[in-house]
Amino acid sequence: MNDKIAAHFSKPLVTKYRYERLRHCDKCGSFTSLRGPVCSSCKRSGTLKPLARIGAGKARFRTAVEALLLTAAAISAVYLSPNAVQRTATALLGAGLLVGYGLLLRRYSGIFAPYRLHRLLVEKSPQIADGLDADEKAAEADYEADRYRECYEKLREVGVFVLEDRIRYNKIICLGRFVLRKDMDLELESVVPRKYSKLFVHYMWEVSKVNRTLIREKSLDYALRFRSDIEKLSYGTELLTNVASAALRSKTNLSACEYLIGDYAIALPRDRFIRLCGMLSNARWEYPNLTARVAQIAESRYAHDPEVQALIR
Ligand SMILES: [Zn+2]
């Protein structure tokens, strides 16, 4: 695509739990994963509040009702007591119960709050699914109107909840509209699809050219699984060389990627080849085939390179 555009994405929102990203509309009751001020369902502005706040509101209401019932029971018991001694004893007992209830609440509120929030999420899951659907439609509308950055940022939020290839492909289609740069908050692992996809492989190639550190476990596994398909592509060799290069990030990748690294070691840039030699220098007996192939390359391509020669001896 020649008409690629430059874009600056907003920083991805980082939350401890996924539900913290959800907001609820006070007016129409729907949910949204999007960050803007506008509700995706009713299009009103300023009506959204965090889901956790509804959970806290419900918990406060329930506590107030329970405390009120306990107080009413204590007052009734005092009122029905036949004499002053029993009334005093009942009043003390009622006060004790209320204090005990307060202490229990204080002690276990940390357990009750997540439990109530979980119940709320289960109870509202159909409405949450509808809200995510509305968010996806809002993203589609952005795409139709050529607002690709807005579309992508919406899909990025929806994709945290909807783990389907449809969202992954749509994100990649949007990303295909941009000039990719190393300083962008690009994603790769989160858009790895379940099946072979030329669209994804092309995106992976584009990413591997600007930031190969994004190639991690899922994308490495994908490249290994569909290696024969990738090799048929015009840019297959370049992509697989970049993947082999990325695999050298960690020694733990050596066993899974041994053959890929061996086959593409000849095309690795010098600094990555030196890294490979360094990794093998302490693991020659573990990877005898790879070591032999690397030694051959070192002899043919780096015969006059003292740094390489020192590492393979
Ligand atoms: Zn609304």
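Residues numbered from 1 in each chain as written. Predicted model: local features only at pLDDT ≥ 70, side-chain atom pairs only at ≥ 80, totals over all residues. Heavy atoms only, no water.

1. Brief notes about helix α6 (residues 198–210)
Basically, it comes down to this: By definition, any uninterrupted DSSP run of H or I lasting at least four residues is a helix, any uninterrupted run of E lasting at least two residues is a strand, and each is numbered from the N terminus. The span you would expect from a helix comes to 1.5 Å times its residue count less one. Burial classification: accessible surface area is computed with a 1.4 Å probe over protein chains only, and a residue below 20% of its type maximum counts as buried, one above 50% as exposed, and the rest as partly exposed. Between N or O atoms, a polar contact is any pair within 3.5 Å; within protein, one atom must be a potential hydrogen donor and the other a potential acceptor, and residues adjacent in sequence are included only when both atoms are from side chains.
When the terminal C-alpha atoms of α6 are compared, their 19 Å separation across 13 residues agrees well with the 18 Å that a helix rising 1.5 Å per residue should span. All of the buried residues along α6 are Phe200, Val201, Tyr203, Met204, Trp205, Glu206, Val207 and Ser208. N-cap assignment for α6: the residue whose side-chain oxygen lies 3.3 Å from the backbone N of leucine 199 is serine 197.

2. Examining the side chain of arginine 227
This is how it is decided: Whether two residues touch is decided by their heavy atoms; if any such pair falls within 4.5 Å, the residues are in contact.
Tracing the sequence through the fold places arginine 227 in helix α8 (residues 227–231). Its relative accessible area of 17% is what places arginine 227 among the buried residues. A polar contact is formed between the side chain of arginine 227 and the side chain of aspartate 263, at a distance of 2.4 Å. Ignoring sequence-local partners within four residues, the contact set of arginine 227 consists of Leu240, Tyr259, Leu260, Asp263 and Tyr264.

3. Quick look at the sheet that holds strand β3 (residues 48–50)
Operational definition: In this scheme, strands are said to pair when DSSP sees at least two bridges between them.
Pairing is antiparallel across the open sheet formed by 3 strands, whose spatial order is β2-β1-β3. The sheet is open, and its two borders are formed by β2 (31–32) and β3, each paired with just one other strand. With 2 bridges joining them, strand β1 (residues 23–25) and β2 adopt antiparallel strand pairing. Bridging from a neighbouring strand, histidine 24 pairs with phenylalanine 31 of β2.

4. Observations regarding the pattern of salt bridges
As a reminder, the rule being used: Any carboxyl oxygen of Asp or Glu within 4 Å of a side-chain nitrogen of Lys or Arg constitutes a salt bridge here.
On inspection of all chains with the given rule, the structure shows 24 salt bridges. Salt-bridge contacts for glutamate 231 lead to arginine 227; the nearest nitrogen and oxygen are separated by 3.0 Å. Taken as a pair, glutamate 231 and arginine 227 lie in helix α8 at a separation of 4 residues, close to a single helical turn. Look at glutamate 231 and you get partly exposed, because its relative accessible area is 35%. As a salt-bridge pair, aspartate 263 and arginine 293 come within 2.5 Å of each other at their nearest N and O atoms. Remark: arginine 293 occurs in helix α12 (residues 288–301) and aspartate 263 occurs in helix α10 (residues 253–264); sequence separation between them is 30 residues. The partly exposed category is assigned to aspartate 263, whose relative accessible area is 31%. A network of salt bridges, in which partner residues are shared, links Arg227, Glu231, Asp263 and Arg293.

5. What to know about the packing of aromatic side chains
Put simply, the test is: Centres within 6.5 Å make a pair out of two Phe, Tyr or Trp rings, where for Trp the six-membered ring is used; the pair is then stacked when the planes are under 30 degrees apart, edge-to-face when over 60, and tilted otherwise.
Evaluated as defined, the whole model comprises 9 aromatic pairs. An angle of 75 degrees between the planes, with centres 5.1 Å apart, marks the rings of phenylalanine 9 and phenylalanine 178 as edge-to-face. Here phenylalanine 178 lies in the loop between α5 (165–175) and α6 and phenylalanine 9 lies in the segment before β1, a separation of 169 residues in the sequence. Across this residue pair, the class does not change: phenylalanine 9 and phenylalanine 178 are buried. Taken together, a centroid distance of 4.7 Å and an interplanar angle of 55 degrees make the contact between tyrosine 222 and phenylalanine 226 tilted. Comparing tyrosine 222 with phenylalanine 226, the two get one shared label, buried. Three or more aromatic residues joined by ring pairs make a cluster, and in this case those are Tyr196, Phe200, Tyr222 and Phe226.

Distances and angles like these do not, on their own, reveal function.
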